[in-house]
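Single-letter residue listing:
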Amino acid sequence: AQSITGALKDVLGVQSVSVAAATDDLEAYERFLRGRSRFYQRVDIDQAISDLRFAVERDPGFAEAWAFLGAASFVVGSGGYPTDLDRGALTADALEASERALALDPEITTGLAVKGQLLTRAGSAAQIAEGIRLLERAAEKVSADTSPRLWLGLTWLQLGFVDRAMPLFASAREQDPMMAINNGYLGLAHAIQGQWEEGSRFVQRAVELSPLGFWTVNVAAGLFQADRVDEARELLIAARPALRRLADEPQYGGEYFEELLASLDDPERRPAFLAANRYDPARDNGAAAMHAATVFGDANHIFEFDDVTGAGAVMIACAWLPSMGWLREDPRFYQSMRRTGAAGYWAAEGYPPGCRLVDDPAGRRLDCSGYAR
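Quick notes on the overall build of the chain
Helices and strands together make up the secondary structure of the chain, namely 23 helices and two strands. Radius of gyration (C-alpha) of the chain: 22 Å, near the 21 Å computed for a compact globule of 373 residues. Each of the three principal axes of the chain carries a C-alpha extent, and together these read 75 × 45 × 40 Å. Going through the 373 residues of the chain one by one, you find that 52% of them count as buried.

In C-alpha cells, the structure reads:
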C-alpha cells in the first residue's frame with residue numbers, strides 16, 4: 001500500500017503519504033487473520049481464541065487483534081458454542097480485551113461492539129440502554145466487520161423488537177453473504193415475522209456455509225408449534241448433512257437430530273427424546289436441551305434451566321416466534337426477562353409492538369395478543 005500511494009503521489013498532488021499498519025509483526029498478523037476468519041464463521045472458536053491470544057502476545061499494541069479476541073471470547077463465554085475453555089473466565093477476558101483495544105484506539109468498531117454486547121447482558125435496564133448506545137455507535141461506522149450491526153439486531157430481537165432488528169440483519173447479510181450467522185439470524189427474523197418460507201431459505205443457507213444448526217432448529221420449532229410439521233421436517237432433512245457434523249459434540253450426541261426427526265412424526269417417541277436431552281451441567285448441553293424442550297413445548301423443563309448460559313438465548317429467540325405465544329405469555333417468561341434486565345428496559349422504554357404487561361392471578365406476564373399480526 002505504501003509503494004502504490006508513493007508511486008501515485010505526483011498524480012494525487014500530495015508531498016508525502018503515510019499508511020498505518022495494524023502491526024509490523026507478520027506472524028502475529030497471520031495468526032490474527034486465521035483467528036478472525038474462524039470467529040466470522042463461528043467454527044473452531046477455541047482455536048480462534050488461541051490464534052488471537054498469540055497475536056496480542058506477540059504485539060501488545062495490536063488493537064484490532066485485542067478487539068477480535070474480545071469478540072471471540074464473548075461469543076464463547078455467552079454460550080451456544082462448544083468449548084473446552086471456562087465460559088465464566090472468557091466473559092471476563094472479553095471485557096479486558098475490549099478495554100485494551102479501546103485504550104489503543106477509542107473508536108475501534110469491534111471493541112465498541114463487544115463492550116456494548118457485554119453491557120446488554122449485564123442484567124439492568126440502565127446497562128442495556130448504555131449497551132445499545134455503544135452498539136448503535138459502532139453500527140454507524142463504516143467497517144468491514146458486520147458484527148456491530150448483527151449484535152445490535154440480535155439485541156433488538158431478544159427484546160422483542162424484530163422490526164428494528166430486521167434491517168440490521170439484512171444490511172449485515174448484504175455486506176457479507178458468506179457469513180453463516182448473517183444468514184441465520186436474518187432467517188430467524190423472517191420467521192418471527194411469520195415469513196416462514198423466507199426464514200427457512202436463509203437458515204438453510206446458513207447451514208450450507210457452516211456446521212451450526214441452531215437457527216434451523218429454532219425455525220423448525222416454530223413451524224412444528226404452528227402445526228406445519230411437514231415444513232419442519234423438510235427443513236431439518238435439508239439441513240441434515242450439516243447437522244450431522246455436530247454429532248460428535250457432547251451437547252448433542254450422535255443420535256440427537258435423527259431422534260428429533262423421528263419424534264416429529266411419532267408422538268410416542270417424544271418422552272424418551274426429551275428425557276435423553278434434559279439439561280445436564282456435566283454435558284454443557286444447555287442449547288441442545290432448550291431446543292428439545294421448545295420444539296415439543298416442555299414448558300416446565302424450559303423454566304428449570306432458562307438462566308443457564310446458552311439455553312436462555314435459545315429460549316428468548318424462540319419465544320418471539322408467532323406460534324410460541326404459550327411461551328412468551330407464561331408468567332415465568334416475564335420473570336426470566338426480569339432477571340436479564342429486559343423487563344426493566346420495557347418499563348422504561350416501552351414494550352414490544354402488540355405486547356403489554358398484565359397482572360394475572362398466576363403472576364405478572366406479557367399479553368402479546370397483538371404481536372406479529
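Structure's up, so let's keep going.
Here's the deal with the packing of aromatic side chains
Following the criterion strictly, the structure yields 22 aromatic pairs and no others. With centroids separated by 6.3 Å and ring planes inclined at 70°, the aromatic side chains of F39 and W151 adopt a geometry described as edge-to-face. Of the two residues, F39 sits in helix 3 (residues 26–41) while W151 sits in helix 9 (residues 147–158), which places them 112 residues apart along the sequence. Judged by its relative accessible area of 3%, W151 is buried. Following the ring pairs from residue to residue traces out a cluster consisting of Y29, F32, F39, Y40, F62, F68, F74 and W151. We note R164 situated over the ring of F161; from NZ or CZ to the ring centre the distance is 4.1 Å. Positioned above the aromatic ring of F202, the side-chain terminus of R201 is 4.4 Å from the ring centre.

A short note on the packing of helix 9 against helix 10 (residues 162–175)
At a minimum axis distance of 8 Å, the contact between helix 9 and helix 10 shows a crossing angle of 155°. Here helix 9 is positioned roughly antiparallel relative to helix 10, judged by the angle of their axes. Between helix 9 and helix 10 lies a crossing whose hand is left-handed. Residue-level contacts link R149, L150, L152, G153, L154, W156 and L157 of helix 9 to V162, R164, A165, L168, F169, S171, A172 and Q175 of helix 10. By residue class, the composition of the contact of helix 9 with helix 10 is ten nonpolar, three polar and two charged.

Quick word on the environment of Q175
Within the secondary structure layout, Q175 lies in helix 10. Look at Q175 and you get partly exposed, because its relative accessible area is 36%. The spacing of Q175 and A144 is 31 residues in sequence and 8.2 Å in space, taken between C-alpha atoms. Discounting chain neighbours no more than four positions away, the residues touching Q175 are S143, A144, D145, T146 and R149. Only 2.9 Å separates the side chain of Q175 from the backbone oxygen of S143, close enough to count as a polar contact.

Basis of the calculations
- Residues numbered from 1 in each chain as written.
- Predicted model: local features only at pLDDT ≥ 70, side-chain atom pairs only at ≥ 80, totals over all residues.
- Heavy atoms only, no water.
- Helix = DSSP H or I, 4+ residues; strand = E, 2+ residues; numbered from the N terminus.
- Rg over C-alpha atoms; globule rule 2.2 N^0.38 Å.
- Buried < 20%, exposed > 50% of the residue type's maximum accessible area, 1.4 Å probe, protein only.
- Phe/Tyr/Trp six-rings, centres within 6.5 Å; stacked < 30°, edge-to-face > 60°.
- Lys NZ or Arg CZ within 6 Å of the ring centre and 35° of its normal.
- Axes fitted to C-alpha atoms, helices over the stretch in contact; angles between N-to-C directions.
- Parallel < 35°, antiparallel > 145°, perpendicular 65-115°, else oblique.
- Left-handed = near helix turned anticlockwise from the far one by under 90°.
- Contact = heavy atoms within 4.5 Å.
- Nonpolar A, V, L, I, M, F, W, Y, C, P; charged D, E, K, R; others polar.
- Polar contact = N/O pair within 3.5 Å; in protein donor to acceptor, adjacent residues only side chain to side chain.

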